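# Commentary on secondary and tertiary structure
These are the residues of each chain, in order.
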Amino acid sequence: MQRLRPYLAYLKIVRWPIVVALLCGVVYGIANGAGLPFMIQKVFPKIFNESAARLTDWQLFMIALWLPGIFLARGIAGYFNSYLIQYAGTRVLEALRLDYFRKLQVLPLAFLQKHKTGDLISRGMTDTQTLQVALTSFANDIFKQPTSLIGALSFLAWKAYNEHGVILVLVSMAVIPLSILPIRYVGKRLINRAAQVQGHLGQVSERFSENLNAAREVRAFGLEKRETERLGLITRKLLTYQMKVTKYTQALPPLIEIISSIGISITLIYAYHVHISLNSFVAIIMALYSCYDPIKKLGALQNITKIGTAALDRLEVVLNEPVTIQDPKNPVAVTRVRGDLVFEHVGITYDNDTAALRDVTVTIPAGTTCALVGPSGAGKSTFANLVPRFYDVSAGRITLDGVDLRDMTLADLRRNIAIVSQEPVLFNDTIRNNLLLGRHDASHAEVEQSARDAFVHDFIASLPQGYDTIVGERGATLSGGQRQRLAVARAFLRNAPLLILDEATSALDSESEAAIQQALKKLVVGKTVLIIAHRFSTIRDATMILVFQEGRIIAKGDHARLHAENPLYRALYDQQNVASG
Ligand code: ATP
């Protein structure tokens, strides 16, 4: 319960529905706990007592109204209680999911790479729901059930005391504390099993996500059977843990009922000896039953909160993860930068402890087109990724126009950068909206001009819906070349002073290739450009070339000089030249 406490704040947004729901819960509790036994006390004697005077029709009618009256109050109160609690729960779930999603937006990329997408989705979908159920059940039952219990206990005490003294009270209540034992026993066992279930649900979702993302590979390598078997192994484990949870949660109500029946039997024996009337006895039994029902529900609540705690543990892996890449407290105001980029003794180490960049110092003046070359794994992408602060340096610093990147806000920094990645991602939206991601306030004329600059306008115009064509998930309905050109158009629209290009390694058709090369030539003019270059023509045209090897810049210069002086560069260049030629 302690663990859930900070999250009870989520209930604040649904304060009023919960208050009304609770009031309804109290009415329900009274009708349920004390109302029914009281009704039996009131109705039975008048109808079944032979010696009493005959009732008039009106009196009989009024007496008969007790039963529907109590059930009506109980039904209406119960309905509104459940409806409002459901409403509150859905709102809480919405808030929890949004907070979780909001956190995912700002977490460092390194965190997202370390965790599997499917598992992160499962935490956002299933664990938030489990936590919501725990929170709202808590809010619902924490007053309602004790009220029912107190109602029933009070009736029991009053009745027993008036008729047969304290002993009957003690006898009939003696077994109640015993009911707590199974609740405690089950609760303890449940939390680990619940955590296992949530973990395995995460793995199932992970398998789905990986499999769907690799749909081509699965078919190409004939992995259909293997994939199904892999999923089957996890779902079978999930089943085992789910059944363990079921074993414990389902054992609780019968255990409590068995204990209650013992209580009732003892009361029966006692009642026989002290000659209690049938009416009184039935009323006491009803009240006793009404005591056990809330105990049973409080037991279930204990289980739900344990399961909720397990879900919370998984959510907190994300919610409590520090946002290491964030805005400074006192940011330097930056509008449009010139684009002077300086790396000073920059080092970065990813999780695996091997340095991806070591002591990198280089000045890239504004307006330079800088090609990054080097063998695979040499650190080129890492170098480029440091500029938009996708990762932060572990040592040294990077300045833009003399300002440390960490001294400006992320929004100011990233507004000055356009990125065209190797495999550009488009959202499942219209072409126009995908282009507008570059600059939200661009006019239609500007959108169209950027498409013309990227040689993609004619293609868009040829589509039946033109700029309003929906491109499908990740731009699935377009060819690789079309996606690339749309990404270049987006960069044109952004018109940022810094440009990061990750050249596609996969060959495009020659028409797309030529169009993209020509578009890029225009795009880079007047900008500071970092190109992770894979084509010798791009490298040759660069004003500055940085040669990376094992996380260091081992040479710097233009093509002619590097080709003459640097053996690694010469080898890389000649290799590409041959491959492309
Ligand atoms: P390529 O041309 O093959 O893309 P690269 O020169 O761009 O290679 P980087 O991607 O910068 O090289 O990688 C540099 C080193 O850092 C490699 O050893 C790589 O394994 C490691 N690395 C890169 N990204 C991560 C990451 N997110 N987590 C851990 N290690 C990483």
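None of these values were measured; they are calculated from a predicted model. (Residues numbered from 1 in each chain as written. Predicted model: local features only at pLDDT ≥ 70, side-chain atom pairs only at ≥ 80, totals over all residues. Heavy atoms only, no water.)

## Here's the deal with the overall build of the protein chain
What the protein chain contains, in helices and strands, is 19 helices and 10 strands. In summary, the protein chain has a C-alpha radius of gyration of 35 Å against a globular reference of 25 Å for 581 residues, an excess of more than 25%. Principal axes of the C-alpha set define a box for the protein chain whose edges measure 120 × 55 × 50 Å. Looking at the 581 residues of the protein chain, the share that counts as buried comes to 46%. The contacts of the protein chain with a sequence gap of at least 6 include a subset with a gap of at least 24, amounting to 79%. With an accessible surface of roughly 29900 Å², the protein chain has 59% of that area assigned to carbon and sulfur atoms. (Helix = DSSP H or I, 4+ residues; strand = E, 2+ residues; numbered from the N terminus. Rg over C-alpha atoms; globule rule 2.2 N^0.38 Å. Buried < 20%, exposed > 50% of the residue type's maximum accessible area, 1.4 Å probe, protein only. Contact = heavy atoms within 4.5 Å. Areas by Shrake-Rupley, 256 points an atom, 1.4 Å probe, with all protein chains shown as cover.)

## Remarks on the sheet that holds strand 7 (residues 498-502)
Ordered in space as 6-7-8-3-9-10, the 6 strands form an open sheet in which the pairing is mixed. Where the open sheet ends on each side, the last strands, each with one partner, are strand 6 (417-420) and strand 10 (552-557). Averaged over all pairs of adjacent strands, the angle between strand axes in this sheet comes to 20°, irrespective of strand direction. As defined by bridge partners, strand 7 adjoins strand 8 (residues 528-532) across 5 bridges and the pair is classed as parallel. Residue Leu501 lies in a different strand from strand 8, and its bridge partner there is Ile531. (Pairing = 2+ DSSP bridges. Axes fitted to C-alpha atoms, helices over the stretch in contact; angles between N-to-C directions.)

## Notes on the packing of aromatic side chains
Scanning the model with the defined rule gives 7 aromatic pairs in all. Consider the rings of Tyr7 and Tyr10, whose centres lie 6.4 Å apart with planes at 5°: the pair is stacked. Geometrically, the ring pair formed by Tyr79 and Tyr83 is stacked, given 6.2 Å between the ring centres and 25° between the ring planes. With Tyr79 and Tyr83 both in helix 3 (residues 66-106) and 4 residues apart, this pair spans about one turn of that helix. Judged by its relative accessible area of 49%, Tyr83 is partly exposed. Members of the aromatic cluster, each reached through a chain of ring pairs, are Tyr79, Phe80 and Tyr83. (Phe/Tyr/Trp six-rings, centres within 6.5 Å; stacked < 30°, edge-to-face > 60°.)

## Observations regarding the site of the ligand
Around the ligand, the surrounding shell holds 13 residues, and the nearest of these are Gln113, Ser376, Gly377, Ser381 and Thr382. At 2.8 Å, a side-chain N or O of Gln113 approaches a nitrogen atom of the ligand. Note that an oxygen atom of the ligand is positioned 2.6 Å from one of the side-chain N or O atoms of Ser381. In isolation the ligand offers 640 Å² of accessible surface; the protein chains occlude 63% of this area. Looking at side-chain class alone, the shell around the ligand contains 5 nonpolar, 7 polar and 1 charged residues. (Near = heavy atom within 4 Å. Polar contact = N/O pair within 3.5 Å; in protein donor to acceptor, adjacent residues only side chain to side chain. Nonpolar A, V, L, I, M, F, W, Y, C, P; charged D, E, K, R; others polar.)

## Observations regarding the domain arrangement of the protein chain
Domains assigned within the protein chain are domain 1 (2-319) and domain 2 (337-415 + 534-581). Taking the mean C-alpha position of each, domain 1 and domain 2 sit 59 Å from one another. (Domains from an automatic or database assignment.)

## A word on the packing of helix 13 (residues 444-453) against helix 15 (residues 480-494)
For the pair helix 13 and helix 15, interaxial distance at closest approach is 8 Å and the crossing angle is 130°. Between helix 13 and helix 15, the angle falls in the class oblique. Classified by chirality, the crossing of helix 15 by helix 13 is right-handed. Between helix 13 and helix 15, the residues in contact are Glu446, Val447, Ser450, Ala451 and Asp453 and Ala489, Phe492 and Leu493, respectively. Here the residues of the contact of helix 13 with helix 15 sort into 5 nonpolar, 1 polar and 2 charged. (Parallel < 35°, antiparallel > 145°, perpendicular 65-115°, else oblique. Left-handed = near helix turned anticlockwise from the far one by under 90°.)

## Details of a nonpolar patch on the surface
Residues Leu72, Ile76, Tyr79, Phe80, Tyr83 and Tyr87 make up a contiguous nonpolar surface patch of about 660 Å² in total accessible area. For Ile76, the position within the fold is in helix 3. (Patch = residues over 30% accessible without salt bridge, like charges linked within 9 Å, V, L, I, M, F, W, Y side chains within 5 Å. Salt bridge = Lys/Arg side-chain N within 4 Å of Asp/Glu carboxyl O.)

## Re the side chain of Lys380
Here Lys380 shows up in helix 10 (residues 380-386). It turns out Lys380 is buried and unbridged, and the closest side chain with the opposite charge, Asp502, is 8.3 Å from it. A distance of 3.0 Å separates the side chain of Lys380 from the backbone oxygen of Pro375, its partner in a polar contact. (Lys, Arg positive; Asp, Glu negative; His and termini not counted.)

## Here's the deal with helix 8 (residues 224-274)
Helical geometry note: an α-helix holds 3.6 residues per turn, so side chains three or four residues apart project in the same direction. Along its 51 residues, helix 8 runs 74 Å from first to last C-alpha, staying within 8% of the 75 Å computed at 1.5 Å per residue. If you look at helix 8, its biggest bend is around 25°, right at Leu252, and the proline Pro253 turns up within four residues after that. Just beyond helix 8, the residue with positive phi is His275, at close to 55°. (Expected span 1.5 Å × (residues − 1). Bend = angle between axes of the 7 residues up to and from the residue.)

## Remarks on the pattern of salt bridges
In this structure the tally under the stated criterion is 22 salt bridges. Across the salt bridge formed by Arg230 and Glu227, the nearest N and O atoms sit 3.3 Å from each other. Remark: Glu227 and Arg230 occur in helix 8; sequence separation between them is 3 residues, near one turn of the helix. Given the relative accessible area of 30%, Arg230 is considered partly exposed. According to the relative accessible area criterion, Glu227 is buried, its value standing at 8%.

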